[in-house]
Amino acid sequence: MTTFDDLPLRDGLRGRSPYGAPQAPVPISLNVNENTHGIPEVVAHDIVGAVAASIIGLNRYPDREFTELRQDFAAYLGHGMRAENIWAANGSNEVLQQILLAFGGPGRTFLGFTPTYSMYPLLAMGTSTRWIGREREKDFELSPEYIARVIAEDAPDVVVLCSPNNPTGTPLTLDTIRAAYEAAPGIVIVDEAYAEFSDQGTPSALELLQGRPRLIVSRTMSKAFAFAGARVGYLAADPAIADALRLVRLPYHLSALTQAAARAALRHSDAMLAVVDDIRAQRDRMSSGLAELGYRPYRSGSNFVFFGGVDDTSALFQHLFERGILIRDVGIDGHMRVTAGTETETSAFLDAMTALRS
Ligand SMILES: *Cc1c(COP(=O)(O)O)cnc(C)c1O
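Parameters at a glance
Counting restarts for each chain: residues are numbered from 1 in the order of the written sequence. For this predicted model, a pLDDT threshold of at least 70 governs which residues receive local features, and a threshold of 80 or more governs which side-chain atom pairs are given and counted, while totals over whole chains, interfaces and linings are taken from all residues. No hydrogens and no water enter the side-chain calculation; it runs on all heavy atoms of the structure. Nearness is judged by heavy atoms alone; a residue qualifies as near a molecule or strand once a single heavy atom is within 4 Å of it. Contacts described as polar in this section are N or O atom pairs within 3.5 Å, which, within protein, must combine one atom able to donate a hydrogen with one able to accept it, while residues neighboring in sequence count only if both atoms come from side chains. Here the open area of atoms and residues is found with the Shrake-Rupley method and a 1.4 Å probe, where only the protein chains shown may cover a residue. Here the nonpolar group is Ala, Val, Leu, Ile, Met, Phe, Trp, Tyr, Cys and Pro; Asp, Glu, Lys and Arg are the charged ones; every other residue, Gly included, is treated as polar. Here, axes are lines fitted to C-alpha atoms. For helices the fit covers the stretch in contact, and angles between N-to-C directions go from 0 to 180 degrees. Helical segments are the DSSP runs of H or I of at least four residues, strand segments are the runs of E of at least two, and each set is numbered from the N terminus. Orientation labels follow simple angle bins: below 35 degrees gives roughly parallel, above 145 gives roughly antiparallel, 65 to 115 gives roughly perpendicular, and whatever is left gives oblique. Rotating anticlockwise by less than a right angle from the far helix to the near helix defines a left-handed crossing, while the corresponding clockwise rotation defines a right-handed one. Contacts were defined at the residue level, with two residues in contact if any of their heavy atoms lie within 4.5 Å. An automatic or database domain assignment is the source of the domain bounds shown. When two parts are put together, the accessible area they lose, computed with a 1.4 Å probe and summed over both, is reported as buried area. The salt bridge criterion pairs a side-chain nitrogen of Lys or Arg with a carboxyl oxygen of Asp or Glu, the two atoms within 4 Å. To pair, rings of Phe, Tyr and Trp, with the six-membered ring standing in for Trp, must have centres within 6.5 Å; the planes then decide the type, stacked if under 30 degrees apart, edge-to-face if over 60, and tilted in the middle. Relative accessibility under 20% of the residue-type maximum defines a buried residue, over 50% an exposed one, and the middle range a partly exposed one, all with a 1.4 Å probe and only protein chains included. Throughout this description, the term charge over a ring refers to an Arg CZ or Lys NZ atom that lies within 6 Å of the ring centre and within 35 degrees of the ring normal.

Student: Mind showing me how you'd approach the site of the ligand here?
Tutor: In the vicinity of the ligand, 14 residues are found, and the nearest of them are Ser 92, Tyr 194, Thr 220, Ser 222 and Lys 223. Side-chain polar atom of Arg 231 to an oxygen atom of the ligand: 2.8 Å apart, as the coordinates give it. Coverage of the ligand by the protein chains reaches 94% of its 390 Å² of free accessible surface. Of the residues belonging to the shell around the ligand, the class tally is 5 nonpolar, 6 polar and 3 charged.

Spelled out as structure tokens, the structure:
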């Protein structure tokens with residue numbers, strides 16, 4: 001049988017594996033940090049109406065600059081953002097890919113602090129950018145002094161700071177982000193995919209955009225907005241950044257259906273985000289339950305918990321899988337990651353973990 005490694009792949013792709021979080025049909029999926037709460041029914045009806053109305057015009061290409069959607073994102077973000085500060089694509093993964101297509105590429109480097117989002121090295125691979133993974137400090141934290149020193153050493157073309165970090169949940173302070181920006185010669189991305197789950201009063205890197213033209217704050221509708229299946233991600237930055245990304249995007253990359261669905265969902269942002277408090281509460285229940293069972297949960301500003309103290313990660317994965325629960329083995333010895341579920345799902349997870357201990 002021919003495998004893709006038998007094909008004349010370009011250098012840099014040979015021997016590599018694609019992104020592959022298991023997608024198994026189990027009753028309780030707590031492995032890819034989706035919003036476990038689904039879309040409220042009244043909102044769903046409104047989105048259906050908006051998408052249906054857009055179908056009549058599908059003979060024409062969509063608005064290439066998705067101006068109205070950009071205005072809606074700017075209004076949602078606040079912080080003085082305007083349409084020209086916003087860019088969007090089919091998931092923040094595509095936004096990140098476009099950033100690397102424009103600012104990375106052959107001969108250039110992309111630096112992140114590991115363990116971090118597994119897609120960063122894959123996006124580097126796909127854009128022929130050299131990935132530099134530097135380790136986090138104790139307990140996966142990052143101090144301004146450390147981050148400034150590491151970035152100055154490697155002088156990367158693009159830096160990504162995931163805040164809160166996936167898979168560890170660790171939030172970053174604005175001081176750390178400021179230090180990274182000052183030390184970096186090039187683009188600094190703050191990936192805020194989980195920002196809406198941060199504890200109330202936690203400042204966003206959006207506050208730092210003014211006067212920092214190399215800073216990009218990346219966001220997504222896939223997590224708190226319960227919209228992972230629609231594929232909508234976006235960024236806020238200096239208007240010159242959004243302008244530059246038009247060099248590398250495919251024309252009309254955001255379909256009229258996507259634009260209509262995203263705009264309708266944004267009109268209901270209060271309803272879409274109403275479950276965030278409950279998700280935080282379930283996350284905290286998971287953390288304290290795991291700690292009571294003798295595991296080591298790390299602090300989390302997101303909708304998931306990263307915990308250590310697991311003797312055998314494959315055995316734990318299997319034990320939960322047999323009970324219809326999927327969690328994530330992120331390949332870090334003795335550690336696992338679990339997404340906050342609904343109250344019932346969280347209870348099922350904690351019960352299954354308790355059963356293992358008794
Ligand atoms: C889930 C996630 C994203 C979101 O990706 P989409 O393409 O928007 O679905 C981005 N960054 C991180 C760190 C994530 O965990």
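Student: Explain the packing of helix H1 (residues 41-55) against helix H8 (residues 256-267) here, please?
Tutor: When two helices pack together, their arrangement is given by the angle between their axes and by how far apart the axes lie. In the contact formed by H1 and H8, the axes pass within 8 Å of each other and the chain directions differ by 150°. Classified by the angle their axes make, H1 and H8 are roughly antiparallel. H8 is crossed by H1, and the crossing has right-handed handedness. Here Asp 46, Ile 47, Ala 50, Val 51, Ser 54 and Ile 55 of H1 lie close against H8, whose contacting residues are Ala 256, Leu 257, Ala 260, Ala 261, Ala 264, Ala 265 and Arg 267. Here the contact of H1 with H8 is composed, by residue class, of 10 nonpolar, 1 polar and 2 charged.

Student: Even after reading the chapter, I still don't get the domain arrangement of the protein, so can you show me in this structure?
Tutor: One widely used convention gives an interface's size as the accessible area the parts lose upon coming together. Domains assigned within the protein are domain 1 (20-37 + 275-357) and domain 2 (41-271). Using C-alpha coordinates to define each centre, domain 1 is positioned 26 Å away from domain 2. Facing the 23 residues of domain 1 at the interface are 24 residues of domain 2. Taken together, both faces of the contact between domain 1 and domain 2 bury some 1800 Å²; the carbon and sulfur share is 53%. Summed over the three residues of domain 1 that lose the most area to domain 2, namely Arg 280, Arg 299 and Gly 301, the buried surface amounts to 29% of that side. Joining domain 1 to domain 2, the criterion identifies 3 salt bridges. Of the charged contacts, one joins Arg 296 and Asp 139 as a salt bridge, the two residues approaching to 3.5 Å between their closest N and O atoms.

Student: Would you mind showing me how to read the packing of aromatic side chains here?
Tutor: For the structure on display, the rule yields 15 aromatic pairs. Look at Phe 140 and Tyr 298: their rings are 5.0 Å apart centre to centre, the planes differ by 65°, and that puts the pair in the edge-to-face class. Taken together, the positions of Phe 140 in the loop between strand E4 (130-135) and helix H5 (144-154) and Tyr 298 in the loop between strand E9 (296-297) and strand E10 (304-308) put the pair 158 residues apart, joining distant regions of the chain. A relative accessible area of 12% means that Tyr 298 is categorised as buried. On the basis of an interplanar angle of 40° and a centroid distance of 5.8 Å, the ring pair of Tyr 298 and Phe 306 is categorised as tilted. Each member of the pair, Tyr 298 as well as Phe 306, is classed as buried. Against the face of Tyr 181 rests Arg 212, its NZ or CZ located 6.0 Å from the ring centre.

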